[in-house]
Structures are given as C-alpha cells and as structure tokens.
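Chains, contacts and geometry: an overview
Listed below are the residues making up each chain.
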Amino acid sequence: LKSIRYPTCQPLTSTSLLSIYLIDCHPWLLPKTDIRVWAPDSYTYIMSNRVKRVLSIQSHVVSGYVGNKAAVFPLQLLGFDVDVINSVHFSNHTGHPQGFKGDVLNGDQLRTILDGLEDNGLLDNVGHLLTGYIGSESFLQAVLDVLHKLREKSLINGGRQVRYVCDPVMGDHGKFYVPLELVDAYRDHVIPQADVVTPNQFEVEQITGIVIQTQEDALRACRALHDLGPSLVFITSAILKGEERGNNNNNNHEGDKSSPISIIASQRKQNIKKNHGEEVKNSHNDDDVWRIDTKQIPGRYTGTGDLCAALLLGHTVPDADDDDNAFVDLSAAMEKVTNTMFSVISRTAQSGGTSVASQELKLIQSKQDIENPPQVYEAYRISS
C-alpha cells in the first residue's frame, strides 16, 4: 500500500500463492494497475498479485498438438491465464498423408474479434502476446494492430508494456511453409516490435541472410536479430558443422555419434532499456549468450517450435515490476525449456510407431516434466 492511507484494510484469506485484502475506500485512491472487484453496497477492492495473462494467436488443430494446442496447456500449467485466437482451424496438421480440412481466419475477422474483446474491457490486463503460424501478410498486419492496441491499453492503465514473444514460423529443413513475402514482413515490421524472438536455424538464416554453420555464425546471427529490436533471441535448434562434441562435458552422452542439436540463447540488456522508453546505443558487448547441446532423437515431431516458444515465455517472465529485473536468468530459463522439450520428445519417441499420428507430441503425459523440468542438460556461456 506504500504511502497511501486506506480507511480499512482487513485480510480476507491467505494461501501459498496469493494474499487477498478487502479495502473499503474511495475509488480515486485505488491504483489503476491492480485488479478490482466491486461489491454492490460498498467500494470493495480485491488486490492480488499481478495476473499472468497471455493472448495467444496461433493455429489450431482438432487432432494433435501443434500451434495453440501445443502452447496453451503448458502455459496453464506454469500459472498463466491464456486467451486463445486460432489463426486457422484445421482437422489436423499439414504433415498428414491425406492432407487436412478446415478454415482460415482472415485479418478483418481478427480485428472483429479484437473489437469484441475491447468493447467488453477484456484487453485491459493482458501482459503477453504470443504468436506462431501466420499464413498471410495481411493477417500479420492485423496481428500488429492487436499488439499496438494491447500496448496502448497497458500504457493507459499505467501498467508494464505488453511483452511480445514472436515465433516467426516460416519453414524448416530448407522448406517454406508460408509465402516468401512474409520473410520481409517479419524482418522489417514484426520482429522490430518483438521483445522475444524464437526462430529455428532455417528461419534465422532467412531473416538475417547469415548461413549458420559454426558457433561464430550463430553469434553473428543473434547480434543481427538484436539489432532489429528484440532483447531476447532464442535459436531453437541448429546443427553446427565442424565442431566436436565435448565443449561441455555435462552435455555428452556416451555412445551417441550423431551431430548434436545446439540451442543458442542471447540477451541484450540495452535493448531491454530501449523497450522501456530509454534511448540507448546498442552494443553487442552487452550480449549475454548461452548454449546447450542435446543429442538428436530420430523422428519428425511437429509442434516442437510452438511448445518451445510457450515454455520460453513462461520461464522468462520477470519476477517483479522493477525494470532492473527485466534482465532474466537466461541460463536457468533455457535449461528449463530445453530439458522439458527433450523429455517431451523422448517420451513421444519411446511410445513407438512410425506413422505421422504416432509422432504427435505426448504433451499430456509430460505434465510433471512441464511443471518440474528434469536436470539433464546444462547451459554454458559462449559470450558475455
């Protein structure tokens, strides 16, 4: 309550997660950034810890776990309320041999949904925007309209700026999933607005024009992405050629001869300051960069990037409203994300079967690993 003197402040209840207070006072005394519930007969105000609420705009499938189906459940387990907008509504993901059926949301329909949420005051306490697969440039522009509206609302309400986690889904393994014009749209318009970006190796190469073959290539690509605007860059998977395993003994697995999958995470504190209204000069000398190498698991598992982006959002939320705490413990966060991912994919592989349907992520069965990530791989710093 700081320096404000309230007439009455009586504890209602207390749990391990939340302390709630009943306050009878005049409405003009109430902080605008907190949650308020009014009783009909008095000015009754319930104040809680800041709600962790995400608006997730991604694809949806009836069967399987990609897009929002891969993102919502983990975020809920990590304590987030998730509002969902489905960019597409398909029977299944596009990798099935007999194709798929369904509908695609267009940009005007997205704006209509946004209007409905705004009319009912349902945008006021959204703290995070998460986006994944988007199939057209016009829909991508509508997503930016959503972001601008959310940030406008947070500014009016005196809250922290809405944090945007962008998974620039464009393709993988040398193949595009989306029209080529989306590369320029992401690079020139979307990523500069993002706080966090989570591309795979193919997507990084398309956005930056840097072919990633070595660790130094990956570092240059991270710097190029930071220069576009995001404070946190997370390359979800990369195969780095010409490097022996063994840079980190904790990440070695005896008898595994395949090339490791490398995950690279980089944080630039100066970009964080810029996102909070301070104009500063960017410098890669302030970049904090970490790496984890994991063994490859045979198979093709769809939805891993969607799951990864959701987990990263969940594990990199600052614990307090103080701007100084916006610089997250990156190594701890990427260990939680990577070890959860490895557990989910391993469990899926162990379930057996070679059909597309059999390789759908075993997400529900991995509930405990999402809530309490195992300790298998450790991150090691490669630049600071």
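Overview of the structure. (Residues numbered from 1 in each chain as written. Predicted model: local features only at pLDDT ≥ 70, side-chain atom pairs only at ≥ 80, totals over all residues. Heavy atoms only, no water.)

**Overview of the overall build of the chain**
Counting its regular elements, the chain contains 10 helices and 15 strands. For the chain, buried positions account for 47% of its 384 residues. Long-range contacts, defined as pairs at least 24 residues apart, comprise 70% of the intrachain contacts of the chain with a sequence gap of at least 6. If you sum the accessible surface of the chain, you get close to 18800 Å²; carbon and sulfur atoms cover 48% of it. (Helix = DSSP H or I, 4+ residues; strand = E, 2+ residues; numbered from the N terminus. Buried < 20%, exposed > 50% of the residue type's maximum accessible area, 1.4 Å probe, protein only. Contact = heavy atoms within 4.5 Å. Areas by Shrake-Rupley, 256 points an atom, 1.4 Å probe, with all protein chains shown as cover.)

**Comments concerning the environment of I382**
The topology assignment puts I382 in strand β15 (residues 380-383). The contact partners of I382, leaving out residues within four places of it in the chain, are Q215, L219, I264, V289, W290 and R291.

**With respect to the sheet that holds strand β4 (residues 53-61)**
Pairing is mixed in the open sheet, where 10 strands are placed in the order β6-β5-β4-β7-β8-β11-β12-β13-β14-β15. Two strands bound the open sheet, and with one partner strand each, they are β6 (102-104) and β15. In this structure, strand β14 (residues 287-294) lies alongside β15, joined through 3 bridges in antiparallel fashion. Pairing of V289 across the sheet is with S383, part of β15. Sitting on the sheet, helix α6 (residues 215-228) touches β12 (232-238), β13 (261-268), β14 and β15, and the angle it makes with β13 is about 40 degrees. (Pairing = 2+ DSSP bridges. Axes fitted to C-alpha atoms, helices over the stretch in contact; angles between N-to-C directions.)

**Some thoughts on helix α4 (residues 181-190)**
Residues separated by three or four positions in an α-helix point in the same direction, a consequence of the helix having 3.6 residues per turn. Residues of α4 that are buried: L182, V183, A185, Y186 and V190. Projected down its long axis, α4 shows its buried positions confined to an angular sector of 170 degrees, all on one face. For α4, the elements touching its buried residues are α3 (137-156), β8 (163-166), β10 (175-176) and α5 (201-208). (Arc of directions from axis to C-beta.)

**So, the packing of helix α1 (residues 68-77) against helix α8 (residues 304-315)**
Contact geometry of α1 with α8 gives a least axis separation of 8 Å together with a crossing angle of 25 degrees. As summarised for this structure, α1 and α8 are arranged roughly parallel, according to the angle between their axes. As for the relative orientation of α1 and α8, their crossing is right-handed in sense. Residues A70, A71, P74 and L75 of α1 form the contact with α8, whose own contacting residues are D306, L307, A310, L311, L313 and G314. (Parallel < 35°, antiparallel > 145°, perpendicular 65-115°, else oblique. Left-handed = near helix turned anticlockwise from the far one by under 90°.)

**Notes on the side chain of D167**
Relative to the assigned elements, D167 resides in the loop between β8 and β9 (171-172). Salt bridges are absent for the buried D167, whose nearest opposite-charge side chain, R163, sits at 14 Å. Look past the residues within four positions of D167 in its chain and what remains in contact with it is T131, G132, Y186, T198, E203, G305, D306 and A309. (Lys, Arg positive; Asp, Glu negative; His and termini not counted. Salt bridge = Lys/Arg side-chain N within 4 Å of Asp/Glu carboxyl O.)

**Focus on the environment of S331**
The topology assignment puts S331 in helix α9 (residues 330-350). For S331, a relative accessible area of 14% gives the class buried. Measuring from C-alpha to C-alpha, the distance between S331 and A265 comes to 8.2 Å, with 66 residues separating the pair along the chain. If near-sequence neighbours (up to four positions away) are discounted, S331 is found in contact with W290 and A379. Side-chain polar atoms of S331 contact the side chain of D329, separated by 3.2 Å. (Polar contact = N/O pair within 3.5 Å; in protein donor to acceptor, adjacent residues only side chain to side chain.)

**Topic: unusual backbone geometry**
With the exception of glycine, most residues fall at negative phi, and the peptide bonds are largely trans. One non-glycine residue, H173, lies in the positive phi region at around 55 degrees. One can find H173 in the loop between β9 and β10.

**Concerning the pairing of β4**
Both faces of the sheet carry side chains from a regular strand, because those side chains alternate between them. The buried fraction of β4 is high, at 9 of 9 residues. Examined bridge by bridge, β4 and strand β5 (residues 81-90) share 8 bridges and lie parallel to one another. The partner of Q58 across the bridge, within β5, is N86. Regarding topology, α1 serves as the crossover connection from β4 to the parallel β5, and that connection is right-handed. Bridge analysis of β4 against strand β7 (residues 128-131) gives 4 bridges, and the strand direction is parallel. (Right-handed = clockwise from strand over helix to strand, strands pointing away.)

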